Amino acid sequence: MARAQSLQGVQLGVESTSGTGVSANKRLTSTFINLEPQVPVTQYRPSGGKSPTQEIVGRQMTRGTIEGQMSYIDLAYLFSSLIEDPAAGGSPFTFNISPYGADSPQSYTIETGLQGGAGEKCSYFVVDSLRLRFTQTDCTIQGTGFGRTMTDPATLTASPTELTRAPISPKDWYIKVDDVLADIAEVDGVFECEWEISNMWVPKFEADSSQGSFVEVVPGKPRSEEHTSELQSRFG
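The model shown is predicted, which means the values in this text are computed figures rather than measured ones.

1. Regarding the side chain of Glu111
Following the sequence through the fold, Glu111 ends up in strand β7 (residues 108-113). It is Lys121 that comes nearest to the buried, bridge-free Glu111 among opposite-charge side chains, at 4.7 Å. Reaching out from Glu111, the side chain makes a polar contact with the backbone nitrogen of Thr157 at a distance of 2.7 Å. Not counting residues within four places of it along the chain, the set of residues in contact with Glu111 comprises Gly9, Val10, Gln11, Ala24, Glu120, Lys121, Thr155, Leu156 and Thr157.

Spelled out as structure tokens, the structure:
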């Protein structure tokens with residue numbers, strides 16, 4: 001039976017051991033994650049044959065697209081996976097990328113679909129890219145992630161705890177810039193800003209017949225971009 005798009009929810013569970021699935025007992029309130037299976041198929045054509053007659057399925061994984069309204073609570077979960085799991089102690093959280101050493105991303109079990117009903121899920125899900133866009137009218141996110149082989153159909157964890165709704169308002173943001181942190185000052189005349197970091201993590205596959213998907217995630221080669229637009233350049 002078809003599922004109404006408006007009723008699709010996203011739940012996550014914090015994995016204590018990456019790749020070991022857990023109950024997705026937290027419900028995101030501002031973030032949507034769409035899971036899609038990635039199934040590599042190699043076709044083979046027999047000698048003398050005109051067309052392929054055999055297909056071999058390779059190691060599978062799941063790709064996820066992320067979008068939604070910015071939320072202080074949801075962003076904490078996303079940054080914990082994109083950058084690192086911050087030290088205990090509660091908010092405000094500090095997310096730092098180690099310039100030389102290894103980082104420790106938080107992995108999740110993700111479930112999407114009808115709450116307490118039909119859906120799909122995957123374990124070892126990490127966020128590998130995220131774009132934050134701030135304008136005069138809204139604050140939104142877009143991003144991507146990946147996980148191990150998707151289970152479909154799957155029954156979503158019943159009665160998840162709904163994360164606190166804490167949307168970021170266009171009135172909440174401003175830009176500060178300076179070479180010295182102590183002298184950092186607000187920039188006037190900015191009407192929109194975009195920040196993006198991508199390619200933070202990549203899946204590691206091994207020639208191991210016991211593994212149907214990647215064995216772990218390893219650091220990629222991160223790329224970061226920032227864009228700001230000023231009022232005078234638009235109206236001047």
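2. What to know about the packing of aromatic side chains
The final tally for this structure, using the stated rule, is 7 aromatic pairs. Relative to Trp195, the ring of Phe79 lies with its centre 6.2 Å away and its plane at 55°, an arrangement referred to as tilted. Of this pair, Phe79 sits in helix α1 (residues 72-82) while Trp195 sits in strand β14 (residues 190-198), placing them 116 residues apart in sequence. Its relative accessible area of 23% is what places Trp195 among the partly exposed residues. A cation over a ring is seen here: Arg148 above Phe214, with NZ or CZ 5.7 Å from the ring centre.

3. Regarding empty space enclosed by the protein
Taken as a whole, this structure holds 1 cavity of 30 Å³ or more when the rule is applied. Space inside the largest cavity adds up to approximately 30 Å³. Every residue lining the largest cavity is listed: Leu12, Ile33, Tyr77, Leu78, Tyr108, Ile110, Phe125 and Val127. Tallied by class, residues from the lining of the largest cavity come to 8 nonpolar, no polar and no charged.

Each value, and the rule that gives it
- Residues numbered from 1 in each chain as written.
- Predicted model: local features only at pLDDT ≥ 70, side-chain atom pairs only at ≥ 80, totals over all residues.
- Heavy atoms only, no water.
- Helix = DSSP H or I, 4+ residues; strand = E, 2+ residues; numbered from the N terminus.
- Buried < 20%, exposed > 50% of the residue type's maximum accessible area, 1.4 Å probe, protein only.
- Lys, Arg positive; Asp, Glu negative; His and termini not counted.
- Salt bridge = Lys/Arg side-chain N within 4 Å of Asp/Glu carboxyl O.
- Polar contact = N/O pair within 3.5 Å; in protein donor to acceptor, adjacent residues only side chain to side chain.
- Contact = heavy atoms within 4.5 Å.
- Phe/Tyr/Trp six-rings, centres within 6.5 Å; stacked < 30°, edge-to-face > 60°.
- Lys NZ or Arg CZ within 6 Å of the ring centre and 35° of its normal.
- 1 Å grid on protein atoms, 1.4 Å probe; cavity = no way out; pocket = protein on both sides within 12 Å on 5 of 7 lines; lining within 4 Å.
- Points joined across faces, edges and corners; volume = space filled by probe spheres on them.
- Nonpolar A, V, L, I, M, F, W, Y, C, P; charged D, E, K, R; others polar.

Purely geometric stuff here, so don't read any function into it on its own.
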